[in-house]
Amino acid sequence: MPDPQNFASPARLVIRQSNAQGNQNAVASFADDVRAGLTAQPKTLPPKYFYDALGSQLFEAICLLPEYYLTRAETEIFERYAAEIVRQLPSPVGVVELGSGSSIKTRLLIEAILANQPELHYQPMDISASILELSAEALLGNYDRLQVTGHVGDYTRGLETIERQEGERLLALFLGSNIGNYTLTEGRALLKTIRKALQTGDGLLLGADLKKPVQVLIPAYADALGVTAAFNLNLLSRINRELGADFDLAQFEHQARYNEERGRVEAHLVSRTAQTVHLRGLGINIEFQPGETIHTENSYKYDLPQLAALAEEAGFKPAKTWFDGERRFSCNFWLAI
Ligand code: AVI
């Protein structure tokens, strides 16, 4: 339970809206992205819009599913190796996290760092304001030597505003295979942006899911309980709510496919019938053929040579990799050079 003495102490918590133009602009880019994606051939929608308040909670539920091994494997790595991971940089260390979500796994790293130094400045970044605020308050309730500066919005904007305290090294965390939701080109560009925000001698800890048999991958993205289906379909409810559309969710089916050639799991929403969806807020109607899909997400799976090449292209030296017992998942420490 959070200690009420420490709960949300204003001096230790700052939340910044990294999107300088504010919410109005965010609404405009959602509308623009939906229009562009649904009028394209094939139809697509960007996965970053999954994470409204409900979508963020559904993702937390996905992380608890028996089929979704990623979170458990990464947590196992931290439970076993957190002390060794944080020793890769000399103290004092400040932590920046891209796509922090609930920050549950990060607690293991925070505790390992606080065992080596008196205080820690933690800068989480997340697209969901609700999850960022909740998790920051919970962390402050638990760790009285922690200071949190949260950045709500796109990572690229958040990275421009990260702070460094006198004499500290920064450890950037990009966990949970969040890198997998970017194409290889986008991922490379984002890693270069992270490198630019860091200094030589700082570090990046990258959690990356590894290539494995399709029999393991598909259930992880199409679970028996239907939580991933709800997570995917929630994107249509968000469009209904925020853009005045009339998607009938019962007329779309979640599907996970493994694209062997590209080394990625794809999430699709498959139209069950021929139908027309009206997007009043955008002034457009979208036609669907039976079986036509909206491609909503890619989750790329990596191998070790690919990761080593990525590190070097982005200006890092791959220093050490840890695995879970079944070698399903990798945590990679890269030194900024
Ligand atoms: C956040 N991201 C790394 C998850 C993944 O595995 O691609 C999102 C997710 N989509 C479906 N299940 C989980």
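Structure first, text after, so check above.
Residues numbered from 1 in each chain as written. Predicted model: local features only at pLDDT ≥ 70, side-chain atom pairs only at ≥ 80, totals over all residues. Heavy atoms only, no water.

K.L.:
Requested: an account of the site of the ligand, with residues and values cited.
P.N.:
Close to the ligand lie 13 residues, the nearest being Y68, N181, Y221, E297 and S299. The side chain of Y221 places a nitrogen or oxygen atom 2.6 Å from an oxygen atom of the ligand. E297 places a polar side-chain atom, nitrogen or oxygen, 2.8 Å from a nitrogen atom of the ligand. In isolation the ligand exposes 340 Å². Once the protein is present, 98% of that is buried. Among the elements of the structure, α2 (53–62), α9 (227–243) and β12 (293–300) are those that each provide at least two residues to the shell around the ligand. Each residue belonging to the shell around the ligand can be placed in one class, and the counts come to six nonpolar, six polar and one charged. (Near = heavy atom within 4 Å. Polar contact = N/O pair within 3.5 Å; in protein donor to acceptor, adjacent residues only side chain to side chain. Areas by Shrake-Rupley, 256 points an atom, 1.4 Å probe, with all protein chains shown as cover. Helix = DSSP H or I, 4+ residues; strand = E, 2+ residues; numbered from the N terminus. Nonpolar A, V, L, I, M, F, W, Y, C, P; charged D, E, K, R; others polar.)

K.L.:
Got a sec to walk through the pairing of strand β14 (residues 329–336)? Specific residues and values, please.
P.N.:
Within β14, seven of the eight residues are buried, leaving the element largely enclosed by the surrounding structure. With seven bridges joining them, strand β7 (residues 203–209) and β14 adopt antiparallel strand pairing. Looking at β14, one finds that L205 is bridged to F333. The loop that links strand β13 (residues 316–323) with its antiparallel partner β14 comprises five residues; one of these, R327, has a positive phi angle of about 55°. (Buried < 20%, exposed > 50% of the residue type's maximum accessible area, 1.4 Å probe, protein only. Pairing = 2+ DSSP bridges.)

K.L.:
Which residues make up the sheet that holds strand β4 (residues 120–126), and what values go with them?
P.N.:
A sheet is described by the order of its strands in space; here eight strands give the open sequence β1-β5-β4-β3-β6-β7-β14-β13, paired in mixed fashion. This sheet does not close on itself; its edge strands, each paired only once, are β1 (13–17) and β13. Ignoring which end each strand starts from, the neighbouring axes of this sheet average 20° apart. Relative to strand β5 (residues 146–152), β1 runs parallel, the two sharing five bridges. In the sheet register, I15 faces β5, and the bridge partner there is G150. (Axes fitted to C-alpha atoms, helices over the stretch in contact; angles between N-to-C directions.)

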